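Listed below, chain by chain, are the residues.
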Amino acid sequence: MDISSSNNAFTIKPQKAVGLHRFLCMQGGDDDGSYAKNSQAPASAITLCKPLLLTAIQSMKLFFNNKDEADSVRIADLGCGTGYNTLATTDMIVESLKQRYLKECGFKPEFEVFYSDLPSNDFNYLFQSLNALFSDKKTRPYYVAGVPGSFYHRLFPKGKLHIAVSLSALHWLSQIPEVVLDKRSGAWNKGRAWIDGAKKEVAEAYAKQSEKDLDEFLKCRKEEIAIGGMLFILMGGRPGSCPPENQLGDPDSRAKHPFNDSMDQAWQDLVDEGLIEEETRDMFNIPAYMRSMEEVEKGMKRCGGFEIEKMEYRRIVEHSEEKQKEWMRDPVSYGRAKTNMLRAALRPILQAHLGPYLSDQFFNRFEKRVSSDLNLLHKTCFYGVIVVFAIRI
């Protein structure tokens, strides 16, 4: 990336983006801008789908009937990220299966848990958290391994997994569609960082990339999951009545979602102040797409090998009424909290695009925008999620 300075302002000459797998990850560590401390929305989604996950575990096939012939039960968390959400979920899965084996078979097998994410993920922090979780236990409840790599590729040997879960990860795409980054194309996403409210051509390009990615994800899991095994997915989603260019479903969510208005305003601030060129802004797009249940169902049918046991669309509120009242009394703290949430999700890819200095300037502008817009605090933002429980057949 070519950076030049003049009169204390910085200008970046954008270049074609390299593979997202090099830097697409949640912000690591445990500071105020880390994913570990700003994953309340995914935590709420996981809490919402916990009853369905427990039902799925209770209804799935048990692979071993007696202790002498039992192998280890293998569980993979795909797109694990860092922090409490992933550890609490796998702990719940292992404990639930242990109880089933004890009750129905009279023994408990050994368990292996594979935490998988892109190599850029902060595995160090994840495993430090895991050690803290196990610190008061004489023996670990399961064996652990990290598996770096994209879940859009094969990660495990054929037919070796018994359970694969992916929680709040599959709405992240493998790449930005090339036509969106081509200013000669009708899908050039000028003036915007995301696709909600964008031109139909932009949304269609993202939908096409989403379809390709979902096909690759399912094809790989079809190879890796044993017959009778379970695939459980929680991903960002949108109502079936909404076209791809309407990712969020309602005006208030669109206004308050961190990927939308305030973000575009912060980008424009950098342009207006001469810190970046317009093309630099236009070359940044968020690689996220909220699928409809129809799109997911079609993907499952194209792939074959899975039987959908349950699929639901649900909405989760951004935060509690109590938190909203607290932030109304202190809008500055709301702006800070919203910015930390955005840092947790986007700081690595923003730094790759702008560099550390300008990415910090962007977050400063975003925080000022959110803190000063009191109307936002009177709106309610909902996040749509799709939950899928399928059996490998």
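Just so we're clear, the structure is a prediction, and the values are computed from it rather than from any experiment.

The rules we used
- Along each chain, the written sequence defines residue order, and numbers are assigned to residues from 1.
- With pLDDT at 70 or above as the cut-off, local features in this predicted model cover only qualifying residues; side-chain atom pairs require 80 or more to be listed or tallied, and sums for whole chains, interfaces and linings still use all residues.
- Note that the side-chain values use all heavy atoms of the structure and ignore hydrogens as well as water.
- When the centres of two rings from Phe, Tyr and Trp lie within 6.5 Å, Trp using its six-membered ring, the rings pair. Their planes under 30 degrees apart give stacked, over 60 give edge-to-face, and anything left gives tilted.
- Both a distance and an angle decide whether a charge sits over a ring: NZ of Lys or CZ of Arg must be within 6 Å of the ring centre and within 35 degrees of the ring normal.
- Working convention: axes come from line fits to C-alpha atoms, limited for helices to the stretch in contact. Angles between N-to-C directions cover 0 to 180 degrees.
- By definition, any uninterrupted DSSP run of H or I lasting at least four residues is a helix, any uninterrupted run of E lasting at least two residues is a strand, and each is numbered from the N terminus.
- Roughly parallel means an angle under 35 degrees; roughly antiparallel means over 145; roughly perpendicular covers 65 to 115; every other angle is labelled oblique.
- By the convention used here, residues are in contact when the closest approach between their heavy atoms is within 4.5 Å.
- Gly counts as polar in this scheme, as do all residues outside two lists: the nonpolar Ala, Val, Leu, Ile, Met, Phe, Trp, Tyr, Cys and Pro, and the charged Asp, Glu, Lys and Arg.
- Here, nonpolar core refers to any group of buried Ala, Val, Leu, Ile, Met, Phe, Trp, Tyr and Cys residues whose side-chain atoms link them within 4.5 Å.
- Classification of residues uses two cut-offs on accessible area relative to the type maximum, computed with a 1.4 Å probe and protein chains only: under 20% is buried, over 50% is exposed, and between them is partly exposed.
- Nitrogen and oxygen atoms within 3.5 Å of one another constitute a polar contact, given that in protein one can donate a hydrogen and the other can accept it, and given that sequence-neighbouring residues count only through two side-chain atoms.
- pLDDT is defined as a per-residue confidence score from the predictor, taking values between 0 and 100.
- To estimate how far a helix should extend, the number of its residues minus one is multiplied by 1.5 Å.
- Fitting one axis to the seven residues ending at a residue and another to the seven starting there, the bend at that residue is the angle between the two axes.
- Salt-bridge detection follows one rule: a side-chain nitrogen of Lys or Arg within 4 Å of a carboxyl oxygen of Asp or Glu.

Q: Help me get a handle on the packing of aromatic side chains, residues and values and all.
A: Tallied over the full model, the rule gives 14 aromatic pairs. Measuring from centroid to centroid gives 6.5 Å for Phe63 and Phe64, while their planes differ by 50°, and the two rings are tilted. These aromatic residues form a ring-pair network of at least three members: Trp267, Phe284, Phe362 and Phe363. The ring of Phe217 has Arg221 sitting right over it, with the charged end atom 4.8 Å from the ring centre.

Q: For the packing of helix α9 (residues 321-329) against helix α10 (residues 331-354), give the residues involved together with the corresponding values.
A: α10 packs onto α9 with a crossing angle of 120° between their chain directions and a minimal axis gap of 5 Å. The orientation of α9 with respect to α10, classified from their angle, is oblique. On α10, the residues that touch Trp327, Met328 and Arg329 of α9 are Pro331, Ser333, Tyr334 and Ala337. In the contact of α9 with α10, the residues fall into 5 nonpolar, 1 polar and 1 charged.

Q: I'd like a description of the nonpolar core, backed by residues and values.
A: Met263, Trp267, Ile286, Leu346 and Phe362 are the most contacted members of the largest nonpolar core, which totals 45 residues. Sorting the residues of this core by element identifies α4 (200-224), α6 (261-272), α10 and α11 (356-372) as the ones contributing at least two each. For this core, the leading source of residues is α10, giving 7 residues. Not counting residues within four places of it along the chain, the set of residues in contact with Ile286 comprises Trp172, Ile176, Ala193, Trp194, Tyr206, Phe259, Met263 and Leu346.

Q: Residues and numbers for the side chain of Arg100, please.
A: Mapped onto the fold, Arg100 is located in helix α2 (residues 84-105). A polar contact is formed between the side chain of Arg100 and the backbone oxygen of Ile57, at a distance of 2.9 Å. Those residues in contact with Arg100, other than ones at most four positions away along the chain, are Ile57, Gln58, Ser59, Met60, Leu62 and Cys105.

Q: Outline the confidence of the model for the protein, listing residues and values.
A: This prediction gives the protein a mean pLDDT of 87; 89% of its residues lie at or above 70. Note that pLDDT drops below 50 for residues 25-29; the model gives that stretch 22 contacts with residues more than four away or on any other chain. Taken together, the stretch residues 31-39 has pLDDT below 50 and engages in 28 contacts with residues farther than four places along the chain or on a different chain.

Q: Can you lay out α10 for me, pointing to particular residues and giving the numbers?
A: Compared with an ideal rise of 1.5 Å per residue, which puts 24 residues at 34 Å, α10 spans 28 Å between its outermost C-alpha atoms and falls more than 12% short. Within α10, the axis deviates most sharply at Leu346, by approximately 65°, and proline Pro348 lies no more than four positions further along.

Q: Please provide a residue-by-residue account of the environment of Lys222, values included.
A: Within the secondary structure, Lys222 is located in helix α4. In this structure Lys222 touches Cys303, Gly304, Gly305, Phe306 and Arg392, once residues within four positions along its chain are discounted.

Q: Tell me about the pattern of salt bridges, and name the residues and values.
A: In this structure the tally under the stated criterion is 27 salt bridges. The shortest N-O distance in the salt bridge between Asp282 and Lys190 comes to 3.5 Å. Of this pair, Asp282 sits in helix α7 (residues 278-282) while Lys190 sits in the loop between β6 (161-167) and α4, and the two are 92 residues apart along the sequence. With relative accessibility at 2%, the residue Asp282 sits in the buried group. Note on Lys190: relative accessible area 47%, which makes it partly exposed. Salt bridges linked by common partners bring Arg154, Arg221, Glu223 and Glu224 together as one network.

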